[in-house]
Amino acid sequence: MPAVSKGDGMRGLAVFISDIRNCKSKEAEIKRINKELANIRSKFKGDKALDGYSKKKYVCKLLFIFLLGHDIDFGHMEAVNLLSSNKYTEKQIGYLFISVLVNSNSELIRLINNAIKNDLSSRNPTFMCLALHCIANVGSREMAEAFAGEIPRILVAGDTMDSVKQSAALCLLRLYKASPDLVLMGEWTSRVVHLLNDQHMGVVTAAISLITCLSSKNPDEFKTCVSLAVSRLSRIVSSASTDLQDYTYYFVPAPWLSCKLLRLLQCYPPPEDGAVKGRLVECLETILNKAQEPPKSKKVQHSNAKNAILFEAISLIIHYDSEPNLLVRACNQLGQFLQHRETNLRYLALESMCTLASSEFSHEAVKTHIETVINALKTERDVSVRQRAADLLYAMCDRSNAKQIVAEMLSYLETADYSIREEMVLKVAILAEKYAVDYSWYVDTILNLIRIAGDYVSEEVWYRVIQIVINRDDVQGYAAKTVFEALQAPACHENMVKVGGYILGEFGNLIAGDPRSSPLVQFNLLHSKFHLCSVPTRALLLSAYIKFINLFPETKATIQEVLRSDSQIRNSDVELQQRAVEYLKLSSIASTDVLATVLEEMPPFPERESSILAKLKKKKGPGAVSVELEDGKERGELNGGGDRGGDAAIAASNASTPSPSADLLGLRSAAPVSGAAPSAGSLLVDVFSEAGPAASSAGVNDDGFLSALHAPEASDSPLVEGPGDSDSAPPSAASEDPAPPLPESDELLNKFVCKNNGVLFENQLLQIGIKSEYRQNLGRMYLFYGNKTSVQFVSFSTTVSCPGELQSQLNVQTKTVEPLVEGGAQVQQVINIECLTDFIDAPLLNIKFRYGGALQNISLKLPVTINKFFQPTEMAAADFFQRWKQLSQPQQEAQKIFKASHGMDTEVLKAKLLGLGTALLENVDPNPENYVCAGVIQTKAQQVGCLLRLEPNAQAQPGEQMYRLTLRSSKDTVSQRVCDLLAEQF
Amino acid sequence: MIGGLFIYNHKGEVLISRVYRDDIGRNAVDAFRVNVIHARQQVRSPVTNIARTSFFHVKRSNIWLAAVTKQNVNAAMVFEFLYKMCDVMTAYFGKISEENIKNNFVLIYELLDEILDFGYPQNSETGALKTFITQTGIKSQSKEEQSQITSQVTGQIGWRREGIKYRRNELFLDVLESVNLLMSPQGQVLSAHVSGRVVMKSYLSGMPECKFGMNDKIVIDKQGKGGATEEAAGKRSGHQSIAIDDCTFHQCVRLSKFDAERSISFIPPDGECELMRYRTTKDIILPFRVIPLVREVGRTKLEVKVVIKSNFKPSLLAQKIEVRIPTPLNTSGVQVICMKGKAKYKASENAIVWKIKRMAGMKESQISAEIELLPTNDKKKWARPPISMNFEVPFAPSGLKVRYLKVFEPKLNYSDHDVIKWVRYIGRSGIYETRC
């Protein structure tokens, strides 16, 4: 046992601990502990009062036993007694016991809180500190409730000792983190901020942790801290290393404080005050200058402290992203670190550079280090550093160096670590697509990628290459040739076979002229791989074969032979068997014309967000958003219509800001994946799908309307489009008055009669999603405005107005929205609606904002229709007809006969009628083909019962199908309005 | 089959490690130490399965013996082997302790080579082993002796060699029983059984054929059927018969004969052997009755009174009586008064231990104690563990009696009458508990 100092040594405790340590077995230890516990119990029970020393000793022993893992169920009272002692050591042990063994025993908590309160109000700083430490260590909600009011007072009181202030600041931070709702700063805010001016550096260091935490939650209240922090920082930075005495660490003045100050500043945008900003820039420059100075000490602590400040300063510079000069200097500094012999420094340098690369000011500067980074990728020993190097290469890539970087990454891929391969593959695929100047290079790159790292090439990558080849006429021949050559390798990856099968099936004719790749040679080449492939690939190959029959009639006999063989037509896999049978029949029955129609070349795919990007995003999580936003900026370059970049931004914002509507807009980002992945839903769709990709993607979308909205827009933005004018203003007058409603707004309104959620409006800039719910005569509507661009919308405002008599019929309340909508962000607006009486018109929604200086003004009709306030009513047939008869006055009935504009699918009709809000009554109408509904419209003034009957004549020829819709309600206007609304739906 | 055998000391250091099969690696040694010996919670199961490897262990004082296997072996066989291994070691160097094992580790390896072959147990009869594994160094044996050993070890009667001669033919028979009991506070027997062993130590010349008889109910009933009714037969033989639930015999007993006529006949090994093991559950004579009385006086005091009554012939003396009365975990002080023996509160074991050296039959004795308690925050009620008892009595609580042990040696000139025979009965307590 180490000798215990005489002053506060407890011999009994030392002996006990050494006894325990000398125990040979667990049993012996338990026996010793039992004995000691019995001894302590008898001592505590004893009539003779114990003196403070022995109490302390026994409590210590209990603590030790507890820490050994045994239960302690007594001694709490003695510990609490120790709290009221006047001796430091006794008090300390008491607090120690309380913080280790606290339980929410009501009576004791009260006593403990009392003791703490006494200590807090004592003038003795050490006691106050002990109490504060105890509160922080326990940190429970009860503690916060009891002391959250007290501690700020101690913190800002003028006469509090510095050491107590430090403890109080940290204690408050702990309580705030544990239960933020209980710590209310309010009146203390400004005084806490002024702690930054405190004489004592320790107090400042402690306070700044608190302020950073608080200001990250509510930055506005603590705005004043910026200037204080800047002046403090400049004082530290400009001080000589000897000025701060105790707070100089290996010749670096107050490194922790500096780091914390810099981090605090990162919570805020650059200071607007010119003087403050100038001072801050000066500071940052000084820090950068200091990094250049020769080190004052060879010790590693010196350079660590210095570099910590430097990196924090660089992240602040990156955060501000407004000082080109500083950004370039930071970049150069990091460039030096890239070749530092410290691995950690190289890692940090690469990581920071990644963010620097995305800034427009420093992008060029970062690019100068490309050789070093490539070298790092190849030679670094640590995989995490290599990963960062790969990230940086990805970030610094642009058109000028894309070929080099892609080539380097490809060559590295052969030796890359397995853990980062998939990500590398995705990155190569994205870069190749994004910066492809000529598409033969792109095709080469991707095929190389499949060759090198086939296992890591995810589905999306090869879907994408097929999409691009199909959409680009000029590359098809080349692609077919390359694929054909690649397939000739004796062992090629299954993904290669997939691509090969698809492309040769589509464009094999383009290379059939060459005798070396005659149709039969092509077929034999593909079929030689057939047996090595998995079922989905085989299915794809079978589809390719049937396409061959169409392309090259001379191969028909051979292929039919193959399809007819037992291994196909009697395959144990249902999918393969079905394909073989169907294709065989198709090829033998159908005439050449039919065959040619059915097996026509695939139409171009609608351009959507690259599915690969979505995949990468999924892999990296929200952290990748910055890179994606960067993609948005680049979008004009090659592939992007405005559509694509915007999508990326919106999807990214969805990923980062979870909102109730996340899936609402997310629909779109999910859709492209499936749209691009023909085999996702049904395998039969892939090559052979009669409907073509547009239809298949529509099938995937939940609501046909969405795809209807997308389709025109998607088809007019083909894969490659010059940096067009897609970003220009939408067709609306740039005036301050609300624009007249868009011509299509009525149509939009009709889309929402039978449903409550969806996308209301979308153009190149803005997307508006709706989610609404109704209950009796009240409704609530959530509007989601998504900024599809990467530039923020300024002075964004929305108004909802009720024109004319609607004002008295409908009560609409809105909350204002934030005037700023960041690029790629989404804001939400809540609208409360109350229906006073029945109405016809819809309220108008007007949206105004400035995008790049141009005023945008859009007016829409809010989809609030009278039927939203329907309450479904169930009733029996007898009831229904009785009521039907009661409403027999001519003005109570409204009837319409109209042509069916959609098919007469029973399920669709039912869904629409239910979506209307009424109850669909079964077995009421004698004719089972007819539909009968009942409901009550709830308005504040009255309730209007409503009965509905829809009679389709399904037997008629398609195109001549008609409906008769009859509505009866107790109010004539209601009948007419609902009838009008509903007539548009079928 | 057994893949390896390890012996550890209390710290988990390996003293002996013998691996018989390749599927057991070195790491098995550590796995057992980490998961069993140093386990945070005490491991109570003697079989532990770690990573598809089974560990069977027994503990002798501070020494752990662990057999390891990856196969699905007969666990009973493994434990039988481990116990035998303990017996063999005890026979060679006395008590199994760390020091003894360290001093004899060459011998132990030699023994392990002999009694386990590729994990299959071999001859583990101490008498036979001692003829060729000796502690006195290598004694050069003549060819004759060697061939004799070979024929004995591989022959039909592997446990006894020929040509043994004694001047005095003596035979000792011990009936050792342990009686287990769990009784309710009201005196109702909740469970009771006796497990017994018949241990024989023989110093007989030649190859004697022995026959052992006891008051087994089945045998006596069979005899009785020849003559009068059952009771009459019981009375004629002069004592009660007992029902044996199950029994196992030493390998020397001819099982075929036992199955056919239920007679126990055998050629005994020289020296000590355990002739049979048995278990009975009916008509057990409980040597002691414990009557507890526990009264809680308020929250801080407990009064305990325990009476023990001896329940056997007054002429017999029970020995080494120890009564263990558990105390609550928040005991802060104990006062004990007892008429007989010595009683003490042992804080380290949370119990009052009352010891009486001797006690005659049909007597009773009493202890009373006052236990002071410390009020605690814990609302948990004390579980009141049962009062347990240890003792030794000079009779068999199962009622087993040796009726005869006959010795025939046709080749030599001594008869049954010339053999001096000793019989001794010892009844000990197993787990003998009374709830309070």
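Model, not experiment: these values are computed from the prediction.

**Student:** Describe the pairing of strand β8 (residues 170-183) of chain B, listing the residues and the values that go with them.
**Tutor:** Residues and elements named next belong to chain B. Within β8, 12 of the 14 residues are buried, which leaves the element mostly enclosed by the surrounding structure. In the sheet, β8 pairs with strand β9 (residues 189-203) via 14 bridges, with the strands oriented antiparallel. Its bridge partner being in β9, L176 is matched across the sheet by R197. Where β8 folds back onto β9 in an antiparallel hairpin, the turn is made up of five residues, including G187, whose phi is positive at roughly 95°.

**Student:** Which residues make up the nonpolar core, and what values do they have?
**Tutor:** Residues and elements named next belong to chain A. In terms of nonpolar packing, the biggest core is built from 220 residues, with I116 and L449 touching the most fellow members. Viewed by domain, this core spans two of them, domain 1 (220-318) and domain 2 (436-599), each represented by three or more residues. Excluding residues that lie within four positions of it along the chain, I116 makes contacts with Y95, A131, C134, I135, M143 and F147. Grouped together as the second largest cluster of nonpolar side chains are 64 residues, L748, I768, L965 and F986 included.

**Student:** Describe the sheet that holds strand β8 (residues 826-835) of chain A, with residues and values.
**Tutor:** All names here are of chain A. With antiparallel pairing, five strands are arranged side by side in an open sheet as β3-β4-β5-β8-β7. The open sheet terminates on both sides in strands that have one partner only, identified here as β3 (758-762) and β7 (810-814). Strand after strand, the sheet turns through a mean of 25° between neighbouring axes, direction not considered.

**Student:** A description of the pattern of salt bridges should follow, citing residues and the corresponding values.
**Tutor:** Residues and elements named next belong to chain A. Taken as a whole and assessed by the stated rule, the structure comprises 51 salt bridges over all chains. Taking the shortest distance from any N to any O, the salt bridge between R32 and D19 comes out at 2.9 Å. One end of the pair, R32, is in helix α2 (residues 26-45); the other, D19, is in helix α1 (residues 11-22), and 13 residues separate them in sequence. With a shortest N-O distance of 2.2 Å, K427 and D391 are connected by a salt bridge. With a gap of 36 residues between them, K427 in helix α23 (residues 418-434) and D391 in helix α21 (residues 383-396) connect regions that are remote in the sequence. Of the two residues, K427 and D391, both sit in the buried class. When salt bridges that share partners are traced, they join D19, R32, E36 and K61 into one network.

**Student:** Can you lay out the interface of chain B and chain A for me, pointing to particular residues and giving the numbers?
**Tutor:** Interfaces are often sized by the accessible area lost when the parts come together. Every contact between the two is made by 20 residues of chain B and, on the other side, 18 residues of chain A. Buried surface at the junction of chain B and chain A, both sides included, amounts to about 1,600 Å², of which 48% is carbon and sulfur. For the pair chain B and chain A, the number of links is one salt bridge. The closest approach of N and O atoms between A:K31 and B:E349, which form a salt bridge, is 3.9 Å. Between chain B and chain A we count five residue pairs in polar contact (both at pLDDT 80 or more) in total. Looking at the side of chain B that touches chain A, the elements with two or more residues in it are β17 (331-338) and β20 (364-373) of chain B. Considered class by class, the residues forming the side of chain B that touches chain A number five nonpolar, 10 polar and five charged.

**Student:** Lay out the confidence of the model for chain A with the relevant residues and their values.
**Tutor:** The pLDDT averaged across chain A works out to 77; a share of 84% of its residues lies at or above 70. Here residues 1-6 of chain A is modelled with pLDDT under 50, and outside its nearest four sequence neighbours on either side it reaches six contacts, counting other chains as well.

**Student:** Tell me about a nonpolar patch on the surface, and please be specific about residues and values.
**Tutor:** Residues and elements named next belong to chain A. A cluster of nonpolar side chains, L67, L96 and V100, forms an exposed patch at the surface whose accessible area comes to about 260 Å². For L96, the position within the fold is in helix α5 (residues 88-100). Residue L96 is classed as partly exposed on the basis of its relative accessible area of 41%.

**Student:** Can you lay out the sheet that holds strand β2 (residues 14-19) of chain B for me, pointing to particular residues and giving the numbers?
**Tutor:** All names here are of chain B. One open sheet holds the five strands; their spatial order is β2-β1-β5-β4-β3, and the pairing between them is antiparallel. Looking at which strands have only one partner, the edges of the open sheet turn out to be β2 and β3 (47-50). Ignoring strand direction, the axes of neighbouring strands in this sheet form an average angle of 20°. The pairing of β3 with strand β4 (residues 53-60) spans four bridges and is classified as antiparallel. Each bridged residue has a counterpart across the sheet, and for T48 the counterpart in β4 is F55.

Parameters and conventions
Sequence order as written defines residue numbering, which begins from 1 separately in each chain. All chains are assigned letters beginning with A, and all ligands numbers beginning with 1, in the order in which they are written. Given that the model is predicted, a residue must reach a pLDDT of at least 70 before its local features are reported, and side-chain atom pairs must reach 80 or more before they are shown or counted; all residues, however, enter totals for whole chains, interfaces and linings. Excluded from the side-chain calculation are hydrogens and water; included are all heavy atoms of the structure. Exposure is judged per residue with a 1.4 Å probe applied to protein chains only, and the accessible area is read against the type maximum: over 50% gives exposed, under 20% gives buried, and values in between give partly exposed. Put simply, DSSP marks the helices as runs of H or I at least four residues long and the strands as runs of E at least two long, and each gets a number from the N terminus on. We treat two strands as partners when DSSP finds at least two bridges between them. By nonpolar core we mean a set of buried residues, namely Ala, Val, Leu, Ile, Met, Phe, Trp, Tyr and Cys, connected to one another through side-chain atoms within 4.5 Å. Source of the domain bounds: an automatic or database domain assignment. Only heavy atoms enter the contact rule, under which two residues are in contact if any of them lie within 4.5 Å. Each axis is a line fitted through C-alpha atoms, and for a helix only the stretch in contact is used; angles between axes span 0 to 180 degrees, taken between their N-to-C directions. Within this document, salt bridges are pairs made up of a side-chain nitrogen of Lys or Arg and a carboxyl oxygen of Asp or Glu, the two lying within 4 Å of each other. Buried area: the accessible area, evaluated with a 1.4 Å probe, that two parts lose upon being put together, summed over both parts. N or O atoms within 3.5 Å of each other form a polar contact, as long as, within protein, one can give a hydrogen and the other can take it, and as long as residues adjacent in sequence are counted only when both atoms are side-chain atoms. Each residue is assigned to one of three groups, with Ala, Val, Leu, Ile, Met, Phe, Trp, Tyr, Cys and Pro labelled nonpolar, Asp, Glu, Lys and Arg labelled charged, and all others, Gly among them, labelled polar. For every residue, the predictor states its confidence as a pLDDT score lying anywhere from 0 to 100. Two joining distances apply to patches: 9 Å for like charges and 5 Å for nonpolar side chains (Val, Leu, Ile, Met, Phe, Trp, Tyr), and every residue must have over 30% relative accessible area and no salt bridge. For accessible areas, the Shrake-Rupley method is used with a probe of radius 1.4 Å. Any residue's cover is judged against the shown protein chains and nothing else.

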